[in-house]
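Coordinates in review
So you can see what is in the structure, the chains are spelled out below.
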Amino acid sequence: MSAPAADPVAIARDLLRCRSVTPDEGGALRYLEGVLKQAGFTVDCVSFSEPGTPDIENLYARIGLTGPHLMLAGHTDVVPPGDERAWSHAPFSGDVADGVLYGRGAVDMKGGIACAVAAALDHLAKTGGKPKGSISFLITGDEESVAVNGTVKLLKWAAERGEKFDHCILAEPSNVATLGDAIKIGRRGSVNGTLVVTGRQGHVAYPQRAINPISGLVRLIGALKAEPLDSGSAHFEPSNLEFTSVDVGNPTDNLIPGEARARFNIRYNDLHTQSSLKTLIESRAGKAAQDSVHWHITWESSNADVFVTKPGPFTDMVAGAIAEVTGRKPDLSTTGGTSDARFIKDYCPVVEFGLVGQTMHQVDERTPVADLVALTAIYRKVLQKYFG
Ligand SMILES: [Zn+2]
């Protein structure tokens, strides 16, 4: 007699009913702790602090003592729902209507976690309660905000206890439009800077006595946008610099201001490092400025370096499981924002595969129940293939 299959929809609904808006745990990790303990996992709930940020709870659970060791990773925190009256189903109700599950976190990413947990429970039920190796869950409550008391510290904590990981699947919503259309095998890096041009303040009627920094700023902005940063690489789109704000803050109409600034963000691919990129930007700005514009750039520190997990047996195995369940051959993508994969890649190869991301962070975030069932089947196959 085989055990009944674990129900990813029930797990997802239980998780969605927890109000775990960052930094609140909201009961979501407590719930997972209960489910995983009951399945035989050793569970540690670990809280991290950092001056100036709220304390955050995290969870690490492992079953098995030997390799290979597959980590399933994710976050239970969610972004705020915004105006709750704008939702057709209350954002923390876990409502299912017409075969669709609604709620904040349905795709990003309580739904993905629910499928991974259900698949692990099914796998254990088939293998007498023990995997032929180890399965762990590394779940944080700090992904959607500053991400300083979450995955980055939990990984370090685990490594200090001697935990070694062979591979990781992060259950972030990787698919664009249909389940099975994309695995993320890397992410672009991200860095922010502010371009500051200084001039000389003066009366607007006597421009010859002043130096208007706005003209210089416009020239440098033009120069930095004039040429692409590169034309893309084997696994990445071209890098992109985007200005996000231009600020003078001058409330007076007869005054030439003394300073003007522009904030920008760069999403960069594996043709650059943060330092090579800074050199490139500063040399382009310098060339455009010549000796006539006084400028400097303040760079913000960034923990979002570019990375890629090169296609190989591991990505093939995940892609194979996806194809067997959905009939689709997933794209190996590196698009989108940053994720906790940027921290995990320092410990083991990581790919991201979860639900369809279309409604993430939106009003009426939702997923078809059929996708939850199919994603669970994919994870089950991955576990089967991974542990032979
Ligand atoms: Zn997410």
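**Describing the sheet that holds strand S5 (residues 100-102)**
If you trace the three strands from one edge of the open sheet to the other, you get S4-S5-S19, paired in antiparallel fashion. Each end of this open sheet is capped by a strand with a single partner; those strands are strand S4 (96-97) and strand S19 (366-368). The pairing of S4 with S5 spans two bridges and is classified as antiparallel. Residue pairing in the sheet places Ala97 in a bridge with Val100 of S5. Strands S4 and S5 of the sheet are contacted by helix H1 (residues 8-16), whose axis makes an angle of about 20 degrees with S5. Here helix H9 (residues 369-386) sits on the sheet and contacts S4, S5 and S19; the angle it forms with S19, its principal contact strand, is near 70 degrees.

**Some thoughts on the environment of Gly64**
Within the secondary structure layout, Gly64 lies in the loop between strand S2 (53-63) and strand S3 (69-75). It is 39 Å that separates the C-alpha atoms of Gly64 and Ala90, two residues lying 26 residues apart in sequence. When near neighbours in sequence (up to four residues on either side) are disregarded, Gly64 contacts Pro131, Gly133 and Ser134.

**With respect to the pattern of salt bridges**
By the definition in use, this model includes 21 salt bridges. In this structure, the salt-bridge partner of Arg261 is Glu259, at a minimum N-O distance of 3.0 Å. Overall, Glu259 belongs to the partly exposed group, its relative accessible area being 34%. Linking Glu324 and Lys381 is a salt bridge whose minimum nitrogen-to-oxygen distance equals 3.5 Å. Separated by 57 residues along the polypeptide, Glu324 in helix H7 (residues 313-326) and Lys381 in helix H9 bring together distant segments of the chain. By relative accessible area, Glu324 is classed as partly exposed at 47%.

**Side note on the coordination of the zinc ion**
Note on the zinc ion: its protein donors are His75 (NE2), Asp108 (OD), Glu172 (OE) and Glu172 (OE). The metal-donor distances range over 1.9 to 2.6 Å. One way to put it: the four donor atoms around the zinc ion meet at angles of 52 to 143 degrees, and that makes the site irregular. Read N to C, the donor residues that coordinate the zinc ion are spaced as H-x32-D-x63-E. Residue His75 is located in strand S3, and its partner Glu172 is located in the loop between strand S7 (167-170) and strand S8 (182-184); the two are separated by 97 residues in the primary sequence. Both residues of the pair, His75 and Glu172, count as buried.

**Observations concerning the packing of helix H5 (residues 213-226) against helix H6 (residues 274-289)**
In the contact formed by H5 and H6, the axes pass within 9 Å of each other and the chain directions differ by 130 degrees. As summarised for this structure, H5 and H6 are arranged oblique, according to the angle between their axes. Regarding H5 and H6, the two cross each other, and that crossing is right-handed. Contacts between H5 and H6 pair Arg219, Leu220, Ala223 and Leu224 from the former with Ile281, Arg284, Ala285, Ala288 and Ala289 from the latter.

**A closer look at unusual backbone geometry**
Here Gly67 and Pro68 are connected by a cis peptide whose omega angle stands at -5 degrees. Its place among the elements puts Pro68 in the loop between S2 and S3. The residue Gln290 is not glycine, and still its phi comes out positive at about 45 degrees. Assignment of secondary structure puts Gln290 in the loop between H6 and strand S15 (294-299).

**A few points about the state of the cysteines**
Counted under the stated rule, the structure contains zero disulfides. Counting only cysteine sulfurs, Cys45 is the nearest neighbor of Cys18, a cysteine outside any disulfide, at a range of 13 Å. Considering cysteine sulfurs only, Cys348 is the nearest to Cys168, which forms no disulfide, with 5.3 Å between them. Residue Cys168 is classed as buried on the basis of its relative accessible area, which comes to 0%.

**Some thoughts on the packing of aromatic side chains**
With the rule as written, the count across this model stands at six aromatic pairs. Aromatic pair Tyr60 and Trp157: ring centres 5.9 Å apart, planes at 70 degrees, arrangement edge-to-face. Pair noted here: Tyr60 is in strand S2 and Trp157 is in helix H4 (residues 151-160), with a separation of 97 residues, a long-range link. Residue classification places Tyr60 among the buried positions, given a relative accessible area of 1%. Accessibility expressed as a relative area gives 18% for Trp157, which makes it buried. Centroid distance Phe264 to Trp299: 5.5 Å. Interplanar angle 85 degrees. Geometry classified as edge-to-face. You can see Phe264 sitting in strand S14 (residues 259-268) and its partner Trp299 sitting in strand S15, a full 35 residues away along the chain. Trp299 gets classed as buried once you look at its relative accessible area, which sits at 19%.

Definitions and cut-offs
- Once a new chain begins, its residue numbering starts again from 1 and follows that chain's sequence as written.
- It should be noted that, the model being predicted, local features are given only for residues of pLDDT at least 70 and side-chain atom pairs only at 80 or more, the latter also being counted only at that level, while totals for whole chains, interfaces and linings use all residues.
- Water and hydrogen atoms play no part in the side-chain values, which are based on all heavy atoms of the structure.
- Here a strand pair is declared whenever DSSP counts at least two bridges between the two strands.
- Secondary structure elements are taken from DSSP: a helix is a run of H or I of four residues or more, a strand is a run of E of two residues or more, and numbering for both begins at the N terminus.
- Here a residue-residue contact requires only that any non-hydrogen atoms of the pair lie within 4.5 Å.
- The angle between two axes is taken between their N-to-C directions and runs from 0 to 180 degrees, where each axis is a line fitted to C-alpha atoms and a helix contributes only its stretch in contact.
- Whenever a carboxyl oxygen of Asp or Glu lies within 4 Å of a side-chain nitrogen of Lys or Arg, that contact is scored as a salt bridge.
- Summary of the burial criterion: residues with accessible area below 20% of their type's maximum are buried, those above 50% are exposed, and those between are partly exposed, where the area comes from a 1.4 Å probe applied to protein chains only.
- Atoms of type N, O and S within 2.8 Å of a metal are treated as its donors, and for Na, K and Ca the window is 3.2 Å; water is not considered, so some sites may appear to be missing partners.
- In this scheme the shape depends on donor count and angles: four donors with every angle between 85 and 135 degrees give tetrahedral, four or six donors with opposite pairs above 155 degrees and others between 65 and 115 give square planar or octahedral in turn, and any other case is irregular.
- Throughout this description, any angle smaller than 35 degrees is read as roughly parallel, any larger than 145 degrees as roughly antiparallel, any in the 65 to 115 degree range as roughly perpendicular, and the remainder as oblique.
- We call a crossing left-handed when the near helix sits turned anticlockwise from the far one by less than a right angle, and right-handed when that turn is clockwise.
- Two cysteine sulfurs form a disulfide in these notes if their separation is within 2.5 Å.
- Pairing of aromatic side chains requires ring centres within 6.5 Å, counting the rings of Phe and Tyr and the six-membered ring of Trp. Pairs whose planes differ by under 30 degrees are stacked, by over 60 edge-to-face, and all others tilted.

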